[in-house]
Amino acid sequence: MTSAFRAIVLTAMLVLFSTVAFAVSPTPFTIVKDPINFSDYKGKWVVISYWATWCNICMEEIPDLNAFYKAHRNEVVMFGVNYEDGPLKDLPQRIQESGVAFPTFAYDPKGRFGVGRIRGLPTMLLIGPDGRLKRILVGSQTKRD
């Protein structure tokens, strides 16, 4: 087998396997484009996490938030908000870069709860089972928190 033929076969195999892997693995994130009705979640806690890819603390807490989301998705509803400037079309790339596994809003819902400007990142809004804002947490949140 000539080296040129081997290179062609190897390239074809790599393309085939990468195409199959891409087709089998669905997009690991959800973008919520339309405003949601938070009253649909009455009886459950809602967590809204504000993050940005340039925020090192945010990126460090994402794995713990993902673990929390996966472990408690039946009891707690969780959303993210990417809080950085830039076109909305870049949101999927930012989500992939960060590894966020929970649904991310394409809009900022803080006005719904009477929250003004976000003063620092990461910030988390905790909405109680009654649909009211209970607490704003600023700074890193860990699994223990």
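Source: prediction; values computed, not measured.

The rules behind the values
Residues numbered from 1 in each chain as written. Predicted model: local features only at pLDDT ≥ 70, side-chain atom pairs only at ≥ 80, totals over all residues. Heavy atoms only, no water. Salt bridge = Lys/Arg side-chain N within 4 Å of Asp/Glu carboxyl O. Buried < 20%, exposed > 50% of the residue type's maximum accessible area, 1.4 Å probe, protein only. Pairing = 2+ DSSP bridges. Helix = DSSP H or I, 4+ residues; strand = E, 2+ residues; numbered from the N terminus. Contact = heavy atoms within 4.5 Å. Axes fitted to C-alpha atoms, helices over the stretch in contact; angles between N-to-C directions. Phe/Tyr/Trp six-rings, centres within 6.5 Å; stacked < 30°, edge-to-face > 60°.

**Overview of the pattern of salt bridges**
Okay, step 1: In total, this model carries two salt bridges according to the counting rule given.
Okay, step 2: Its salt-bridge partner being Lys-110, residue Asp-108 comes within 2.6 Å of it at the nearest N-O pair.
Okay, step 3: Overall, Asp-108 belongs to the partly exposed group, its relative accessible area being 30%.
Okay, step 4: Notably, a salt bridge pairs Lys-134 with Asp-130, separated by 2.8 Å at the nearest N-O pair.
Okay, step 5: On the basis of relative accessibility, which here comes to 45%, the residue Lys-134 falls in the partly exposed class.
Okay, step 6: Overall, the relative accessible area of 32% leaves Asp-130 in the partly exposed class.

**Quick word on the sheet that holds strand β2 (residues 45–51)**
Okay, step 1: Overall, mixed pairing links the six strands, which are arranged β1-β4-β3-β2-β5-β6 in an open sheet. In this open sheet, the two edge strands, each paired with only one partner strand, are β1 (31–32) and β6 (133–138).
Okay, step 2: Pairing of β1 with strand β4 (residues 104–105) involves two bridges; the strand directions are parallel. Each residue of the ladder has a partner; that of Ile-31, found in β4, is Thr-104.
Okay, step 3: Sheet contacts for helix α2 (residues 56–72): β2, β3 (76–82) and β5 (123–127); angle to β2, the most-contacted strand, approximately 160°.

**Topic: the packing of aromatic side chains**
Okay, step 1: Counted by the stated rule, this structure contains seven aromatic pairs.
Okay, step 2: Taken together, a centroid distance of 4.9 Å and an interplanar angle of 45° make the contact between Phe-105 and Tyr-107 tilted.
Okay, step 3: Following the ring pairs from residue to residue traces out a cluster consisting of Phe-38, Tyr-41, Phe-79, Phe-105, Tyr-107 and Phe-113.

Take it as geometry only, folks, not as evidence of what the structure does.
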